[in-house]
Amino acid sequence: RGETNCSLGLAELAHDTEWVVAARRAHMRAAERTGLGADEHLASGDGGAFSWSQTDDEVEVRVRGAPTGKGASKRVTVAYGRGSSLTVSYDGAPPVVSIAPLFAPVLPDECAWTLDGGEVVVTMPKADARPWAALTLPGA
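This one's a predicted model, so the numbers in the text were calculated from it and none came from an experiment. Residue indices follow the written sequence of each chain, beginning from 1 at its first position. Selection of residues for local features in this predicted model requires a pLDDT of at least 70, selection of side-chain atom pairs for listing and counting requires 80 or more, and totals for whole chains, interfaces and linings are taken over all residues. Processing note: side-chain calculations cover all non-hydrogen atoms of the structure and skip hydrogens and water entirely.

**Student:** Can you walk me through the overall build of the chain in this structure?
**Tutor:** A run of DSSP states H or I qualifies as a helix once it reaches four residues; a run of E qualifies as a strand once it reaches two. Both are numbered from the N-terminal end. A count of helical and extended segments in the chain gives one helix and eight strands. Burial classification: accessible surface area is computed with a 1.4 Å probe over protein chains only, and a residue below 20% of its type maximum counts as buried, one above 50% as exposed, and the rest as partly exposed. Taking all 140 residues of the chain together, 29% fall into the buried category. Pairs of residues are marked as contacts when any of their non-hydrogen atoms sit within 4.5 Å. Taking the contacts inside the chain whose residues are at least 6 apart along the sequence as the reference set, 52% of them involve residues at least 24 apart. Roughly 8700 Å² of accessible area belongs to the chain as shown, and the carbon and sulfur atoms make up 51% of that amount. Per-residue and other accessible areas were derived by the Shrake-Rupley procedure at a 1.4 Å probe size, with only the shown protein chains allowed to occlude residues.

**Student:** Would you explain the nonpolar core in this entry?
**Tutor:** The nonpolar side chains of soluble globular proteins are, as a tendency, buried together. By size, the foremost hydrophobic cluster in this structure holds 24 residues, and its most contacted members are Val61, Leu86, Val88, Val120, Val122, Met124 and Leu135. Of all elements in the fold, only strand S2 (50-54), strand S3 (58-64), strand S4 (76-79), strand S5 (86-90), strand S6 (97-99) and strand S8 (119-125) reach the threshold of two or more residues within this core. Beyond its immediate chain neighbours, meaning those up to four positions away, Val120 contacts Val61, Arg62, Val63, Ala66, Val76, Val78, Val88, Tyr90, Trp113, Thr114 and Leu115. For the purposes of this section, nonpolar cores are sets of buried Ala, Val, Leu, Ile, Met, Phe, Trp, Tyr and Cys residues that join through side-chain atoms within 4.5 Å.

**Student:** Quick question: what am I supposed to make of a nonpolar patch on the surface here?
**Tutor:** Patch construction takes residues with relative accessible area above 30% that form no salt bridge. Like charges are linked within 9 Å, and nonpolar side chains (Val, Leu, Ile, Met, Phe, Trp, Tyr) are linked within 5 Å. We count a salt bridge whenever a side-chain nitrogen from Lys or Arg sits within 4 Å of a carboxyl oxygen from Asp or Glu. Residues Leu8, Leu10, Leu13 and Trp19 make up a contiguous nonpolar surface patch of about 450 Å² in total accessible area. Considering the arrangement of structural elements, one finds Leu10 in the segment before helix H1 (18-33).

**Student:** Quick question: what am I supposed to make of the sheet that holds S4 here?
**Tutor:** Note: strands within a sheet are paired through backbone hydrogen bonds, in either parallel or antiparallel orientation. In this analysis, strands are considered paired if DSSP registers two or more bridges between them. Reading across from one edge, S4-S5-S6 is the order of the three strands in this open sheet, with antiparallel pairing throughout. With partners counted over all chains shown, the strands left at the sheet margins are S4 and S6, one partner each. Going across the sheet, the axis of each strand differs from the next one's by a mean of 10°, ignoring polarity. In terms of strand pairing, S4 meets S5 through four bridges, oriented antiparallel. Among the inter-strand pairings, Thr77 is bridged to a residue of S5, identified as Ser89. With axes taken as lines fitted to C-alpha atoms, and helix axes fitted only over the stretch in contact, angles between N-to-C directions fall between 0 and 180 degrees.

**Student:** What exactly am I supposed to notice about the side chain of Ser89 here?
**Tutor:** Structurally, the position occupied by Ser89 is in strand S5. Setting aside anything within four residues of it in sequence, one finds Ser89 in contact with Arg75, Val76, Thr77, Pro94, Pro95 and Val96.

As structure tokens, this is what we get:
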């Protein structure tokens, strides 16, 4: 089909270059043609103690086994490791979830969490609005 391999400079790999933006649009059109919703084509998963999903702008991690009842939120500790990791623990015990490094940085000052039916729901805005292939950086 006239496809060729070529070498790209680092600047040409930026998420906002013309070819990357065009590829993202083409991918979104293909997802819509196959009946996938706006976010259904984005990676998500289940890690046993947690599940995760994403939009282009943020990642949501739902950690199971959270305390319930009065004062439950005081028993939860959530840390974002300067935007490179996520750690969730209950009652000062070792972490229930420790994810490091994250696939890409998040904005720790804008991260938030809440309790929802026995789960800690952590919302982390991405530093760069782009899809993640996984929750953790492979090979790290």
